[in-house]
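Spelled out from the first residue to the last, the chains are:
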Protein chains: 2
Amino acid sequence: MAESWSFLDAFEPNFRPLVVIELAKGTKEETLKWFTKRIVDKKANGGAQLLVKPLVTESGDENIYLVGASHLRLLLGAETVGLVKECNDNSMRTFTYSSRKTFKDFADDNHNFLTMAECQYIVKHELENLRAKDEKMIPGYPQAKLYPGKSIVRRLLTSGILVQIFPLHDREELKKLRQSWYGRVKVGYQPLDEIRCYFGETIALYFGFLEYFTFALIPMAVIGIPYYVFAWEDYDKYVMFATFNLLWSTVILEVWKRICAIMTYRWGTLLMKRQFEEPRSGFHGVLGINPVTGREEPVYSSIKRQIRIYLVSLPFVCLCLYFSLYVMMIYFDLEQWALDYHEENESNFSNLMLFVPSIIYAVVIEIMNRIYRYAAEFLTSWENHRLESSYQNHLILKVLVFNFLNCFASLFYIAFVLFDMKLLRQSLATLLITSQILNQFAESLLPYWLQKRHKKRMKKSISSLKTDTDLSLVEQVNLEKEMGTYFGTFDDYLELFLQFGYVSLFSCVYPLAAVFAVLNNITEIYSDALKMCRVYKRPFAEPTANIGVWQLAFETMSVISVVTNCMLIGMSPQVNALFPDSKMDLILTVALVEHLLLAIKFIMAFVIPDKPRDIQIKLARLEFESLEALKQQ
Amino acid sequence: MAESWSFLDAFEPNFRPLVVIELAKGTKEETLKWFTKRIVDKKANGGAQLLVKPLVTESGDENIYLVGASHLRLLLGAETVGLVKECNDNSMRTFTYSSRKTFKDFADDNHNFLTMAECQYIVKHELENLRAKDEKMIPGYPQAKLYPGKSIVRRLLTSGILVQIFPLHDREELKKLRQSWYGRVKVGYQPLDEIRCYFGETIALYFGFLEYFTFALIPMAVIGIPYYVFAWEDYDKYVMFATFNLLWSTVILEVWKRICAIMTYRWGTLLMKRQFEEPRSGFHGVLGINPVTGREEPVYSSIKRQIRIYLVSLPFVCLCLYFSLYVMMIYFDLEQWALDYHEENESNFSNLMLFVPSIIYAVVIEIMNRIYRYAAEFLTSWENHRLESSYQNHLILKVLVFNFLNCFASLFYIAFVLFDMKLLRQSLATLLITSQILNQFAESLLPYWLQKRHKKRMKKSISSLKTDTDLSLVEQVNLEKEMGTYFGTFDDYLELFLQFGYVSLFSCVYPLAAVFAVLNNITEIYSDALKMCRVYKRPFAEPTANIGVWQLAFETMSVISVVTNCMLIGMSPQVNALFPDSKMDLILTVALVEHLLLAIKFIMAFVIPDKPRDIQIKLARLEFESLEALKQQ
């Protein structure tokens, strides 16, 4: 069987495997035939017109297929998905096959015009757009219903016939990328353009943001060091640091938008038109007419969804928040109890007892976070959002609010109820450093060990195969299909978001936080890079023009930090000493300063343009050209 | 000569005068010929392909021209300007001549398919787009330089050869509109669609906003009345009123966006693509290449403009604000002095003296407002903005900030420095009622008197003409060209903005403000309607999709009012009595409530969608269709 594969390979030398489709073992012959026929069928017949080949494993099962496409097919697909590429005159334009000659580096025999990630994105898009015609069900599986226009791949996935679709790694390219990314210890920028070519824009943008954020923290870290070294405790120095911090955090978030625009313009995604979004695979409803497309598809009443969101999810989230606060109060009671116990009968045991509440609390927090995450995913899925983007936004919002409270509630309580600045500094440092060490472990050491173990196991199983020409491909597919799936940048951004909270919320009591954040992020870049290149399956490229809802989350955090920092400064004994007679004047002054700072923040956000001038001009030029073209018509 | 006119009229019975062009008296024959030739010339020769006829006045001068266009020309022009009309299937689509049959009410002989305002807008657009070809100057005026692509009409205007261009009233339509708008005393909605057909979207949207705002104020007024009637002074009632007020003002501003979207969708302007904006007529610079269009035109360095804005205009505005505050302080000193004088030697004269400072201050404020307005216009013009929209935004911002301070600074001073609630209530009532009476006088009584006087004068001059068939047209043109020009909705919105300030900033000390605002706005609708129909020249229709920068201004005011109201409540003796021991707790509570209210405001603004669901679906459907159309290509 392995020979038939290599024969096919020789027969069609152009076939370059791009995407792997893994079907469930024992999928019916009838289904396999129908599905592969639909993939290779002509567009006119409702097919995807791609190339497909079975991969023969040692067991002889035909349940893994490799999908590729001819060069011409990919170019046509690039037009369908609306890729934006650079032209000969250095402007960015939407690619069309008819105008292909005007694009930079285009040649009919240059198969590198589209990056492999782009080719895989096109193939994925074409596969997902394979739609049922008059089939009422998936052949061989009467329970897997279809209706005209339903995405076949999505139905196969939800009915469990299709196990997974993933893009193949390009081992040569990956090696080069690894080398330039983290191969040598060097100080400098990441090869973001290469990362984007290999992993797509969403992931490249995350690494771009991580890098930018790290650089942006350096000034704060540099200013923070002397506070630690010289043990500065003057109020005016703290005020200066906090003020700088607040304005700086506004500036960096605004400047990021500009840098992001520059990057995504260069990558073409800033100009890419939003495609019409298909319903997400989990979406269900009764068959009806979609008011937008006029096609028959499941519809679900928006009012029902609103009811679920506001009458179930919202109260549930509030309840969870309340519960989290309640647990925190128990923790503080326990802490107090342990302290009392320690004071009453001082011994080694009582000394140990002092740590017990913190440990219990840390464990409980971790457990709550995990349970809540599942609950949030369940609830958001139950809310039955039609679009993946709307599902993601609702999920992010739920998780964000809960994580924020879980991480920072105890700090808020210490700061504004107990008024214990020393404890605050200590807790902040402990939380920040512990969470960073845990994350580093969970993100780089653990995966590294898992991966090593996995490789060893794979080597063993592969050595039992007889060696032939395509062994490396079979080996690669088998290796990669067992690798973990990268579930998107959510957790990575969440980590940065919480870090930003630790750095900015209480910056004026613990200026050193920025230093730790910078140190963490430098290793974070390496461990995340390792994770992407070594631990996970290659993810599909996802074109994106910005970091979306995270921009809003970071901006909200920066507004909250104005409030907390002003309160902290107002509570410091040094500032209190300035107003010996009247607490009222003190608080009024602090409130005034806070409102002024907030006003300055909003004005700055308003005044700094979101896009640099040259990008604005380029966008205006494109708009002008399309208006002129319309007039010519 | 009058006979030649009526002869032409008979010769081309289709000619319907739309727009009047008034050239300076004594304009050279050569220039007239060249200009009229360019207007009637074929599009292919760079003309506007419109119809033009001289209007012969009693003096025999040929300096007034009437411009019209054939039905076909107007339809083609509607496509050029990108008008959006309703189709037979009730969807809104961009009009194209080739798809004209699919539009509602379209028939080749139905000359009412385009409203007269639309026709006039098209003619104006075509006239403004008459561009110089190889002329180096306006024939006959060597000092009026031209360069290829320069708008001829704009150069004629700036060099004073062209006095004005204005659209003609349609006396029949106007009569009908007047009748249904304010002809009979009735309770009900304004005929916004008719207003839009006659005056265009910008003006209809202003009246829509005025009406909406009045209705939105009614709940506040209704709740405010018992406070006055029963002289409620309980703190909890004030707190309730203020809280309701703050949330209500957020809701009404959010709901307005939705109502605005519904209206502008129906009018087609929500979907209208932004046209490429030409430089405004006052813009100057050295000839260069526009980076957007690639055409040769005057360019002006953006850095120079930024320097002018930030190093000259900004300091100047700050200085003016400082000066205004300084004048206010002098006023309070004078007030104090008058009070002291009155106490020392009480007499009729001293009683009179008590009013002198207020009167002087009111006069000075008025003078300052006027001088500042001129200064702001001069400065903004000197900043040399390329686009009219950017000029307008900078001007609005300057005027807004100064007017805000001028109107409210004394109230802020009374409330938060003098802590005199009784004086605040009194000043607020005086300012609100005085400004409303003054405005009503300046906007309806004065213009009515002026217009009456003008009509009498016109009647006299017209009666000296011999009566013939076109007398009514000649009379109409002569009458209208002498009417005042309506300079846009700026002053009307400004008035509403300041009124919103009076109602919301200090709502908890003076709940009756909303009642006065409602009463004022009801008469305001009538006086503004009178103004538009009777006092001013007909303005050109201006398509617009929203109220633009005013939305932001109103939202900012509503944020500021949260802060002021919380402070006022915190300062009230009733609330103070609740915290007898600790002023600190009081202030902290107030600050907490304020932050909560602000957070609720932002969350509400975030949660309430800007467009109603059905409009969202309609927009999505159009987008989907255009994506599908692209795919078909």
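These numbers come from a predicted model, not from an experiment.

> Mind showing me how you'd approach the overall build of chain A here?
Helix and strand counts for chain A stand at 21 helices and 10 strands. With the principal axes as the frame, chain A shows a C-alpha extent of 90 × 65 × 55 Å. Within the span of chain A, comprising 633 residues, buried residues form 49% of the whole. Here the contacts in chain A between residues at least 6 apart in sequence split such that 72% fall between residues at least 24 apart. If you sum the accessible surface of chain A, you get close to 31000 Å²; carbon and sulfur atoms cover 63% of it. Across chain A, the mean location of the 67 positive side-chain charges is 6 Å away from that of the 68 negative side-chain charges.

> What exactly am I supposed to notice about the sheet that holds strand β1 (residues 19-23) of chain A here?
Backbone hydrogen bonds are what pair the strands of a sheet, in a parallel or an antiparallel way. Residue and element names in this part refer to chain A. On the basis of which strands lie adjacent, the open sheet formed by 4 strands has the order β2-β3-β1-β8 and antiparallel pairing. Bordering the open sheet on either side are β2 (51-55) and β8 (162-167), each of which pairs with just one other strand. On average, adjacent strands in this sheet sit at an angle of 20 degrees to one another, irrespective of strand direction. Relative to strand β3 (residues 64-68), β2 runs antiparallel, the two being bridged by 5 bridges. In the sheet register, L51 faces β3, and the bridge partner there is G68. Contacts between helix α4 (residues 116-128) and the sheet are confined to β1, β3 and β8, with β1 contributing the most and set at about 40 degrees to the helix.

> Which parts of the structure should I look at to understand helix α13 (residues 388-416) of chain B?
Within an α-helix, residues lying three or four positions from one another point in the same direction, as the helix has 3.6 residues per turn. In this model α13(B) runs 39 Å from its N-terminal to its C-terminal C-alpha over 29 residues, within 8% of the 42 Å that 1.5 Å per residue would give. For α13(B), the principal kink sits at B:F408 and spans about 45 degrees.

> How should the packing of aromatic side chains be read in this particular structure?
Aromatic rings in a pair are described by how distant their centres are and how their planes are angled relative to each other. On inspection of all chains with the given rule, the structure shows 77 aromatic pairs over all chains. Pairing A:Y189 with A:F215 gives two aromatic rings, centres 5.5 Å apart and planes at 45 degrees, and the pair type is tilted. In this pair, A:Y189 sits in the loop between α6 (171-183) and α7 (192-199) while A:F215 sits in helix α8 (residues 201-229), placing the two residues 26 residues apart along the sequence. The cationic tip of A:R100 hangs over the ring face of A:Y97; the distance from NZ or CZ to the ring centre is 4.0 Å. The residue whose ring lies beneath B:R308 is B:W382, and the NZ or CZ to ring-centre distance is 4.3 Å.

> Quick question: what am I supposed to make of the pattern of salt bridges here?
Pairing of side chains with opposite charge becomes possible as their charged atoms draw close. Applying the stated rule across the entire model yields 52 salt bridges over all chains. The partner of A:K481 in a salt bridge is A:E482, with the nearest N and O atoms 3.1 Å apart. For A:K481, a relative accessible area of 15% puts it in the buried group. A salt bridge links B:K104 to B:E86; the shortest N-O distance between them is 3.5 Å. Placement of the pair is B:K104 in the loop between β5 (92-94) and α4 (116-128) and B:E86 in strand β4 (residues 84-86), with a sequence separation of 18 residues. Given the relative accessible area of 32%, B:K104 is considered partly exposed. Through salt bridges with shared partners, one network takes in A:K85, A:E118, A:R196 and A:E201.

> What is the right way to look at the side chain of B:R154 in this model?
Residues and elements named next belong to chain B. Residue position: R154 is located in helix α5 (residues 152-158). Since its relative accessible area comes to 18%, R154 is described here as buried. Setting aside chain neighbours within four positions, we find R154 in contact with E128, E278, P279, R280 and S281.

> Quick question: what am I supposed to make of the UniProt feature "transmembrane region" (unreviewed entry) in chain A here?
All names here are of chain A. Feature annotation in UniProt places "transmembrane region" (unreviewed entry) on residues 212-232, 238-256, 309-332, 352-372, 395-416, 496-519 and 586-608, given in this structure's numbering. End C-alpha atoms of residues 309-332 are separated by 33 Å, and the span's content is 100% helix alongside 0% strand. For residues 352-372, the helix share is 90%, the strand share is 0%, and the end-to-end C-alpha distance is 31 Å.

> Explain the interface of chain A and chain B to me, please; I cannot follow it from the model alone.
How large an interface is tends to be reported as the accessible area lost when its parts come together. Of the residues lining the interface, 29 residues belong to chain A; the matching set on chain B comes to 29 residues. Surface buried jointly by chain A and chain B totals about 2800 Å² across both partners, of which 70% is contributed by carbon and sulfur atoms. Three residues, A:V292, A:I587 and A:F624, lead the burial of chain A against chain B; their summed loss comes to 20% of the area buried on that side. The tally of links from chain A across to chain B stands at 0 salt bridges. Our enumeration of links across chain A and chain B arrives at 4 residue pairs in polar contact (both at pLDDT 80 or more).

> Explain the relation of the copies chain A and chain B to me, please; I cannot follow it from the model alone.
Both copies of the chain are placed relative to one another by a rotation about an axis and a shift along it. Overlay of chain A on chain B (RMSD 0.1 Å): rotation 180 degrees, translation along the axis 0.1 Å. Such a turn and shift between the copies fits a two-fold axis. Minimal C-alpha distance to the rotation axis in chain A is attained by A:M584, lying at 2.9 Å. When the interface residues of chain A are mapped onto chain B, 97% of them again lie at the interface, so the same face is used by both copies.

> Before we go on, may I ask you to explain the packing of helix α16 (residues 490-505) of chain B against helix α17 (residues 513-535) of chain B in this structure?
For any two helices packed against each other, the geometry is given by the interaxial angle and the distance between the axes. All names here are of chain B. Remark: α16 packs on α17, axes separated minimally by 10 Å, with the N-to-C direction vectors making an angle of 170 degrees. In terms of axis orientation, α16 runs roughly antiparallel to α17. Residue-level inspection shows D492, E495, L496, Q499, Y502 and V503 of α16 in contact with α17, the latter providing A513, A514, A517, N520, N521, E524, D528 and K531. Along the lines of polarity and charge, the residues of the contact of α16 with α17 split into 6 nonpolar, 3 polar and 5 charged.

> I tried to follow the environment of A:L405 on my own but got confused; where do I start?
All names here are of chain A. Following the sequence through the fold, L405 ends up in helix α13 (residues 388-416). Taking C-alpha positions, L405 is 9.7 Å from Y322, a pair spaced 83 residues apart along the chain. The contact partners of L405, leaving out residues within four places of it in the chain, are L321, S324 and L325.

> I keep staring at the sheet that holds strand β2 (residues 51-55) of chain B and nothing clicks. Help me out?
Residue and element names in this part refer to chain B. Pairing in this open sheet of 4 strands is antiparallel, and the strands run β2-β3-β1-β8 from one edge to the other. Looking at the sheet topology across the chains shown, the edges are occupied by β2 and β8 (162-167). Strand-to-strand, the axes of this sheet are offset by a mean angle of 20 degrees, without reference to chain direction.

> In this structure, what is going on with the pairing of strand β7 (residues 141-145) of chain B? I would like to understand it.
Two faces belong to every sheet, and in a regular strand the side chains alternate between them. Residue and element names in this part refer to chain B. Note that strand β6 (residues 137-138) and β7 share 2 bridges and pair antiparallel. Within β7, the position partnered with M137 by the bridge is K145. Hairpin geometry of β6 and β7 is characterised by an intervening segment of 2 residues between the two adjacent antiparallel strands and by a positive phi of about 95 degrees at G140.

Reading the values: rules and limits
Residues numbered from 1 in each chain as written. Chains lettered and ligands numbered in written order. Predicted model: local features only at pLDDT ≥ 70, side-chain atom pairs only at ≥ 80, totals over all residues. Heavy atoms only, no water. Helix = DSSP H or I, 4+ residues; strand = E, 2+ residues; numbered from the N terminus. Buried < 20%, exposed > 50% of the residue type's maximum accessible area, 1.4 Å probe, protein only. Contact = heavy atoms within 4.5 Å. Areas by Shrake-Rupley, 256 points an atom, 1.4 Å probe, with all protein chains shown as cover. Lys, Arg positive; Asp, Glu negative; His and termini not counted. Charge placed at Lys NZ, Arg CZ, Asp CG, Glu CD. Pairing = 2+ DSSP bridges. Axes fitted to C-alpha atoms, helices over the stretch in contact; angles between N-to-C directions. Expected span 1.5 Å × (residues − 1). Bend = angle between axes of the 7 residues up to and from the residue. Phe/Tyr/Trp six-rings, centres within 6.5 Å; stacked < 30°, edge-to-face > 60°. Lys NZ or Arg CZ within 6 Å of the ring centre and 35° of its normal. Salt bridge = Lys/Arg side-chain N within 4 Å of Asp/Glu carboxyl O. UniProt positions renumbered as here; feature names shortened; annotations may be inferred. Buried area = accessible area lost by both parts, 1.4 Å probe. Polar contact = N/O pair within 3.5 Å; in protein donor to acceptor, adjacent residues only side chain to side chain. Least-squares fit on C-alpha atoms with pLDDT ≥ 70 in both. Parallel < 35°, antiparallel > 145°, perpendicular 65-115°, else oblique. Nonpolar A, V, L, I, M, F, W, Y, C, P; charged D, E, K, R; others polar.

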